[in-house]
Amino acid sequence: MGHGLLTLIVLVAAAGIAAQWVAWRVGLPAIVVLLTLGFLAGPVAGLLQPQESFGALLRPAVSVAVAVIVFEGALSLNFAEVRAAGQGIWRMIVIGVPLGWALGAL
């Protein structure tokens, strides 16, 4: 791993931490600030070119990041709240899954 790629990873991590802190201070959901920062740094300003910077490592890195996020979400899952929202979850499963499957098949 070159120094340029390592520097980029550290800068992205620092920007993410700063965005989380700003979201906490302002009282916004962190995802709003993170998405805004990502769009500004990527497509708008062109500061980040993930395909060029990471090359073949981009897909595995994104897959690992998604797995960590889902794992962390599962760890903080409160089953009592899931039971309380049972009717909505049941509708999502009964209607949403077949509908998503059918639309995806089209």
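Just above, that's the structure.
Just so we're clear, the structure is a prediction, and the values are computed from it rather than from any experiment. Residue numbers restart at each chain and count upward from 1, following the sequence in its written direction. Selection of residues for local features in this predicted model requires a pLDDT of at least 70, selection of side-chain atom pairs for listing and counting requires 80 or more, and totals for whole chains, interfaces and linings are taken over all residues. Side-chain metrics rest on all non-hydrogen atoms present in the structure, leaving aside hydrogens and water.

Caption draft 1: Summary view of the overall build of the protein chain. Along its length, the protein chain carries six helices and zero strands. Numbering goes from the N terminus for both helices and strands, where a helix is a DSSP run of H or I of at least four residues and a strand is a run of E of at least two. Along its sequence from the N terminus, the protein chain presents helices and strands in the succession α-α-α-α-α-α. A compact globule built from 106 residues would reach a C-alpha radius of gyration of about 13 Å, whereas the protein chain, at 18 Å, exceeds it by more than 25%. Taking the principal axes of the C-alpha coordinates as reference, the protein chain spans close to 50 × 40 × 25 Å. A radius of gyration in this sense is built from C-alpha atoms; the matching globule rule multiplies 2.2 Å by the number of residues raised to 0.38.

Caption draft 2: Structural view of the packing of helix α1 (residues 3-26) against helix α2 (residues 30-44). What counts as an axis is a line fitted to C-alpha atoms, over the stretch in contact for a helix, and the angles between N-to-C directions run from 0 to 180 degrees. Viewed as axis vectors pointing N to C, α1 and α2 meet at an angle of 135 degrees, and their least axial separation amounts to 8 Å. With respect to α2, the element α1 is oriented oblique. Viewed along their axes, α1 and α2 form a crossing whose handedness is right-handed. Residues Ala 15, Gly 16, Ala 19, Gln 20 and Ala 23 of α1 pack against Ala 30, Val 33, Leu 34 and Leu 37 of α2. Ten residue types, Ala, Val, Leu, Ile, Met, Phe, Trp, Tyr, Cys and Pro, are classed as nonpolar, four, Asp, Glu, Lys and Arg, as charged, and the remainder, Gly among them, as polar. Of the residues that constitute the contact of α1 with α2, the class distribution is seven nonpolar, two polar and no charged. Each angle is binned into one of four classes, with values under 35 degrees roughly parallel, values over 145 roughly antiparallel, values of 65 to 115 roughly perpendicular, and all other values oblique. By convention the crossing between two helices is left-handed if the near helix lies anticlockwise of the far one by an angle smaller than a right angle, and right-handed if it lies clockwise. By definition in these notes, contact holds between two residues if any of their heavy atoms fall within 4.5 Å.

Caption draft 3: Up close: the layout of surface pockets. Think of a 1 Å grid over just the protein atoms. A cavity is a set of points where a 1.4 Å probe fits yet cannot get out, a pocket is an open set with protein on both sides within 12 Å along at least five of seven lines, and lining residues have an atom within 4 Å of a point. Grid points are joined across faces, edges and corners, and a volume is the space filled by probe spheres set on the points. Size it by volume and the largest pocket reaches roughly 990 Å³. Taken together, 27 residues make up the lining of the largest pocket; nearest its centre are Val 12, Ala 13, Gly 16, Leu 48 and Ala 65. Mapped by element, the contributors of at least two residues to the lining of the largest pocket are α1, α2, α3 (50-54) and α4 (58-75). Broken down by element, the lining of the largest pocket gets its largest block of residues, eight residues, from α1. Residue composition of the lining of the largest pocket, by class: 23 nonpolar, four polar and no charged.

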